[in-house]
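Observations on the three-dimensional arrangement
Residues per chain, in single letters:
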Amino acid sequence: MSFLTQLEWRFSTKKFDPEKKLSDESVGKILTAIRLTPSAYGLQPFHVVVVTDVEIKKKLQEASYGQPQPADASHVFVFFSRTDILDRIDAYMKLSFGDESGSEKAVKIAERFRQMAGRYEGATGAEWAAKQTYIALGFAMAAAAELEIDSCPMEGCDFAAIKDIFDLPEIFTPVLLLPLGYRAEGPARSKTRFPKEDLFTNV
Ligand SMILES: Cc1cc2nc3c(=O)[nH]c(=O)nc-3n(C[C@H](O)[C@H](O)[C@H](O)COP(=O)(O)O)c2cc1C
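Quick look at the structure, then.

Quick look at the sheet that holds strand E4 (residues 172-181) now. A sheet is described by the order of its strands in space; here four strands give the open sequence E1-E2-E4-E3, paired in antiparallel fashion. Only two strands of the sheet have a single neighbouring strand rather than two, namely strand E1 (46-51) and strand E3 (150-151). Where strand E2 (residues 75-82) lies against E4, eight bridges are found, and the strand directions are antiparallel. Bridge pairing links Phe-80 to Pro-174 in E4.

Take helix H5 (residues 85-97) next. An ideal rise of 1.5 Å per residue puts 18 Å on 13 residues; H5 measures up with 18 Å between its terminal C-alpha atoms. All buried positions along H5 are accounted for by Ile-85, Arg-88 and Ile-89. For H5, the angular spread of buried residues about the axis comes to 105°, placing them on one side. Of the exposed residues in H5, the ones pointing more than 90 degrees away from its buried face are Asp-87 and Ala-91. Phi turns positive, to about 55°, at Gly-98, one or two residues after H5.

Close contact between H5 and helix H6 (residues 104-117) brings their axes to 10 Å; oriented N to C, the two are set at 155°. With respect to each other, H5 and H6 are oriented roughly antiparallel. Handedness of the crossing formed by H5 with H6: right-handed. Two secondary-structure elements touch here, H5 through Ile-85, Leu-86, Ile-89, Met-93 and Phe-97 and H6 through Ala-106, Ala-110, Phe-113, Arg-114 and Ala-117. Counted by class, the contact of H5 with H6 contains nine nonpolar, no polar and one charged residues.

What follows concerns the site of the ligand. The environment of the ligand is formed by Phe-11, Ser-12, Lys-14, Gln-67, Cys-152, Pro-153, Met-154, Glu-155, Gly-156 and Lys-191. Per-class residue counts for the shell around the ligand are four nonpolar, three polar and three charged.

Core analysis: the biggest nonpolar cluster contains 35 residues, and Val-78, Phe-79, Ala-140, Ala-144 and Leu-178 have the highest contact counts within it. Contributions of two or more residues to this core are made by helix H2 (24-35), E1, helix H3 (54-63), E2, H5, helix H7 (122-146) and E4. Among the elements that make up this core, the one with the highest residue count is H7 (nine residues). Discounting chain neighbours no more than four positions away, the residues touching Val-78 are Val-48, Val-49, Val-51, Ile-162, Phe-166, Pro-174 and Leu-177.

Closest axis-to-axis distance for the H2/H7 pair is 8 Å, and the angle between their directions is 145°. Handedness of the H2/H7 crossing: right-handed. On H7, the residues that touch Lys-29, Ile-30, Ala-33 and Ile-34 of H2 are Ala-136, Phe-139, Ala-140, Ala-143 and Ala-144. For the contact of H2 with H7, the class distribution of residues is eight nonpolar, no polar and one charged.

Criteria and thresholds
Residues numbered from 1 in each chain as written. Predicted model: local features only at pLDDT ≥ 70, side-chain atom pairs only at ≥ 80, totals over all residues. Pairing = 2+ DSSP bridges. Helix = DSSP H or I, 4+ residues; strand = E, 2+ residues; numbered from the N terminus. Expected span 1.5 Å × (residues − 1). Buried ≥ 20, exposed ≤ 12 C-beta atoms within 10 Å, placed from the backbone. Arc of directions from axis to C-beta. Axes fitted to C-alpha atoms, helices over the stretch in contact; angles between N-to-C directions. Parallel < 35°, antiparallel > 145°, perpendicular 65-115°, else oblique. Left-handed = near helix turned anticlockwise from the far one by under 90°. Contact = placed C-beta atoms within 7 Å. Nonpolar A, V, L, I, M, F, W, Y, C, P; charged D, E, K, R; others polar. Near = placed C-beta within 6 Å. Core = buried A, V, L, I, M, F, W, Y, C linked by C-beta atoms within 7 Å.

Just distances and angles here, no functional claims.
Printed below as a string of structure tokens:
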């Protein structure tokens, strides 16, 4: 199965089979895809909470205006963006440079990062972090499709309510849910996509 074939196979699953569960190995592979997702400056300004708890999944369903996927799916990945960019830069430098993080080269790089981070404060920063988070979502969905695991990206949610479900520090903002599991039924219709001429231009 190639990646492109699997893109035809996948669809945003509305009805998951509540009896079918993902193996820990599969979950680990999808998390690896998220971890390997590229991000601007490598700062990975996101965090994913992996939910299997039945009560929390029910609460996520309520916060998704009753959509059934979060309750029925085996796992729900809750994608949070994070806005602690300056602290993130320090942590990144330590990770990347280790004992050398005080070196002239590392200090210069950190300084450049900080100048950049100035552009990502407040609302701009939240938007920037959310964009990076969506790339991670894309990688997670692609990895799931490769493994023949069904998923449904979900934005149709009350994110204030979702924030209240998880008692995370203020720097974390929920931006998206990704229920994962196995389809109880196939797609209701074949894929609807705008034509190539609408989407692409050659120059
Ligand atoms: C960011 C995003 C948010 C979405 N939110 C929802 C949602 O809340 N509920 C839902 O059933 N589908 C949701 N979808 C699925 C889209 O409706 C679906 O991807 C689109 O119709 C194309 O269909 P396909 O994914 O089955 O190919 C969302 C998709 C994306 C990418």
